[in-house]
Amino acid sequence: MFSMMQGQTVQELHFCQQGPLNAVIAIHNLTLGPALGGCRFIDYENEEQAITDALRLAKGMSYKAALARVPQGGGKAVIIKPKGSFDRQQLFKQFGQFIQSLSGRYITAMDSGTQVQDMDDIRSQTPFVSSSSNIGDPSPATAQGVVLGMITAVEFQLGQDMKGLTVAIQGLGHVGMALAKQLHKEGAKLIVCDVDEQKSLWAQQAFGATVVNVDDIYSQECEVFSPCGLGAVLNEKTISQLKCKVIAGCANNQLAQDDIGQMLHEQKILYVPDYVINSGGLIFASGRFRGLSAHQIGHEIYKLKDTLNKIFILSKNKKQASHQIANEMAEHILYGAESQNTNANMLEAV
Ligand code: NAD
């Protein structure tokens with residue numbers, strides 16, 4: 001267990017077993033503030049898989065918060081979905097008591113398998129929850145950040161705005177559909193796919209999008225490919241099909257392995273690191289929790305442009321993949337002088 005924590009540099013791991021509730025809270029790092037991250041409520045094959053997920057995701061949240069300049073640490077919760085029948089409201093209330101026992105070291109939010117009602121049930125037991133109905137859906141803020149990040153990347157890579165460019169969007173969920181709407185307004189042409197055909201047809205009618213099969217999205221002629229569905233979609237099989245110049249989407253963990261980022265760099269495709277471009281939702285959740293106004297939150301999201309431009313410049317100057325630059329910058333913010341790299345110092349100088 002300790003070596004698993006060490007592998008992901010996670011500082012704390014908390015467990016709760018109570019009736020049908022089997023929950024894990026991983027706190028990666030508290031240097032920047034209380035840990036904030038979603039709660040997953042999905043099936044796991046075994047306990048080790050659930051713990052590994054919590055550890056990996058908590059680390060990702062620390063990096064995301066660091067580069068978004070959000071005063072939060074990285075944390076994540078996982079509840080192993082019980083087999084058979086159970087009282088869902090009671091389960092999330094018990095989980096709320098578990099969060100309360102950590103006295104604010106961890107603030108939860110919605111993630112795969114959880115919904116607003118669950119957050120409201122948690123909130124009946126603890127104030128340390130950031131996506132209950134009184135706070136609101138973070139997806140529009142995530143989409144706002146993705147549009148901004150995509151425009152920034154296209155300006156950097158192609159020296160132009162979105163008008164007349166083609167964007168292939170994979171997944172038209174809460175974020176993907178909002179992104180399609182905004183890109184249509186910006187004058188971009190859209191190619192879309194979703195496993196739910198109704199969503200694709202809706203985008204076809206509303207935005208004049210071209211609909212393709214889910215397996216055909218990678219090989220489309222386009223300037224931008226935007227993964228907005230699942231993770232790990234950038235792998236050896238898919239990247240050899242890509243014809244785009246930029247990859248900019250909201251999905252978490254888009255790179256199946258680290259070396260895929262390097263391969264994209266060698267293919268001269270500008271990959272916008274996922275946890276930077278999709279951090280609008282975290283900025284929103286943290287901002288609302290801390291009582292920031294909509295205007296202040298919008299201002300914080302706008303700073304993503306600056307951060308991304310710095311990543312792109314360093315990537316170009318150092319001939320290093322963009323995701324590596326982002327990781328090193330986040331590590332420098334989290335670990336300061338202990339960090340071996342100098343990219344964040346270079347960042348200040350850009
Ligand atoms: P969502 O569940 O609302 O939408 C995902 C969509 O992708 C669905 O319409 C689904 O049918 C589609 N999809 C799934 N697999 C697909 C495939 N193989 N091909 C095409 N379409 C597919 O989720 P969301 O909230 O829009 O989030 C999308 C991604 O962004 C997720 O990876 C999520 O973790 C990440 N993310 C979301 C937010 C947020 O604020 N919602 C913030 C950060 C990151």
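Residues numbered from 1 in each chain as written. Predicted model: local features only at pLDDT ≥ 70, side-chain atom pairs only at ≥ 80, totals over all residues. Heavy atoms only, no water.

Asker: Just to check I follow, could you spell out the packing of aromatic side chains for this structure?
Answerer: Taken as a whole and judged by the stated rule, the model has seven aromatic pairs. Taking 5.4 Å as the distance between ring centres and 45° as the angle between the ring planes, the aromatic pair formed by F156 and F312 counts as tilted. Taken together, the positions of F156 in helix α5 (residues 139–158) and F312 in helix α13 (residues 304–318) put the pair 156 residues apart, joining distant regions of the chain. For F156, a relative accessible area of 29% gives the class partly exposed. Pairing W202 with F207 gives two aromatic rings, centres 5.8 Å apart and planes at 70°, and the pair type is edge-to-face. (Phe/Tyr/Trp six-rings, centres within 6.5 Å; stacked < 30°, edge-to-face > 60°. Helix = DSSP H or I, 4+ residues; strand = E, 2+ residues; numbered from the N terminus. Buried < 20%, exposed > 50% of the residue type's maximum accessible area, 1.4 Å probe, protein only.)

Asker: I keep staring at the environment of I311 and nothing clicks. Help me out?
Answerer: Looking at the element boundaries, I311 is found in helix α13. Residue I311 is classed as buried on the basis of its relative accessible area, which comes to 0%. Sequence separation of I311 and A206 is 105 residues, and the distance between their C-alpha atoms is 35 Å. Leaving out residues up to four positions away in the same chain, I311 has contacts with L67, P273, V276, S322, I325, A326 and M329. (Contact = heavy atoms within 4.5 Å.)

Asker: What's the story with the site of the ligand in this structure? I'm lost.
Answerer: Residues in close proximity to the ligand total 21 residues, the closest being T142, H174, V175, D194 and K199. Measuring from an oxygen atom of the ligand, one finds a side-chain N or O atom of K199 at 2.7 Å. Contact with the protein chains covers 75% of the free accessible surface of the ligand, which is 820 Å². Of all the elements in the fold, those that place two or more residues in the shell around the ligand are α5 and α6 (174–185). Within the shell around the ligand, the residues separate by chemical class into ten nonpolar, nine polar and two charged. (Near = heavy atom within 4 Å. Polar contact = N/O pair within 3.5 Å; in protein donor to acceptor, adjacent residues only side chain to side chain. Areas by Shrake-Rupley, 256 points an atom, 1.4 Å probe, with all protein chains shown as cover. Nonpolar A, V, L, I, M, F, W, Y, C, P; charged D, E, K, R; others polar.)

Asker: I would appreciate a short explanation of the confidence of the model for the protein chain in the present structure.
Answerer: Parts of the model with low pLDDT should not have their predicted coordinates read in detail. Looking at the protein chain, pLDDT values average 94 and 96% of them are 70 or higher. Counting interchain partners and residues more than four positions distant, the pLDDT-below-50 stretch residues 338–344 has twelve contacts. (pLDDT = per-residue confidence, 0-100.)

Asker: I'm lost on the environment of L242 in this one. Help?
Answerer: Within the element layout of this structure, L242 appears in the loop between α8 (236–239) and β10 (246–247). With 22 residues separating them along the chain, L242 and L264 place their C-alpha atoms 9.7 Å apart. Setting aside chain neighbours within four positions, we find L242 in contact with Y218, F225, L234, I247, L264 and I269.

Asker: Is there a simple way to think about the domain arrangement of the protein chain in this case?
Answerer: Where interface size is quoted, it is often the accessible area lost as the parts come together. The domain boundaries assigned to the protein chain delineate domain 1 (2–123) and domain 2 (137–350). With 21 residues of domain 1 in contact, the opposing surface of domain 2 contributes 23 residues. Summing both sides of the interface, domain 1 and domain 2 together bury roughly 1900 Å²; the carbon and sulfur share of this comes to 69%. Across the domain 1-domain 2 interface, the total number found is zero salt bridges. Counting the contacts that link domain 1 with domain 2 gives three residue pairs in polar contact (both at pLDDT 80 or more). Of all elements in the fold, only β2 (21–29) and α2 (47–67) reach the threshold of two or more residues within the side of domain 1 that touches domain 2. (Domains from an automatic or database assignment. Buried area = accessible area lost by both parts, 1.4 Å probe. Salt bridge = Lys/Arg side-chain N within 4 Å of Asp/Glu carboxyl O.)

Asker: Help me understand α13 in this model?
Answerer: Because each turn of an α-helix spans 3.6 residues, side chains separated by three or four positions in sequence point in the same direction. Given a rise of 1.5 Å per residue, 15 residues ought to cover 21 Å, and the 21 Å separating the end C-alpha atoms of α13 matches this to within 8%. Among the residues of α13, L304, K305, T307, L308, I311, F312, L314 and S315 are the ones counted as buried. Where α13 terminates, the next one or two residues include K319, which has phi positive at roughly 55°. (Expected span 1.5 Å × (residues − 1).)

Asker: Would you explain the sheet that holds strand β5 (residues 106–110) in this entry?
Answerer: Pairing between sheet strands relies on hydrogen bonds along the backbone, with the strands arranged either parallel or antiparallel. In spatial order, the strands read β1-β2-β4-β3-β5; together these five strands make up an open sheet with mixed pairing. Across the chains shown, the open sheet's two edge strands, defined by having one partner strand only, are β1 (12–18) and β5. On average, each strand axis in the sheet is tilted by 25° relative to the strand beside it, whichever way the strands run. As paired elements, strand β3 (residues 35–42) and strand β4 (residues 73–80) share six bridges and run parallel to each other. Across the sheet, the residue bridging to L36 is G74, located in β4. (Pairing = 2+ DSSP bridges. Axes fitted to C-alpha atoms, helices over the stretch in contact; angles between N-to-C directions.)

Asker: Whenever I open this one, the pairing of β5 confuses me. Can you help?
Answerer: Consecutive side chains along a regular strand alternate between the two faces of the sheet. With four of its five residues buried, β5 lies for the most part within the structure. In this sheet, β5 lies alongside β3 in parallel orientation, the contact comprising five bridges. In the sheet register, G37 faces β5, and the bridge partner there is T108.

Asker: Even after reading the chapter, I still don't get the sheet that holds strand β11 (residues 270–271), so can you show me in this structure?
Answerer: Taken in spatial order, the six strands line up as β8-β7-β6-β9-β10-β11 in an open sheet, and their pairing is parallel. Here the strands that pair on one side only, and so sit at the sheet edges, are β8 (210–211) and β11. In this structure, strand β9 (residues 224–227) lies alongside β10, joined through two bridges in parallel fashion. Residue pairing for β10: V224 is matched across the bridge by V246.

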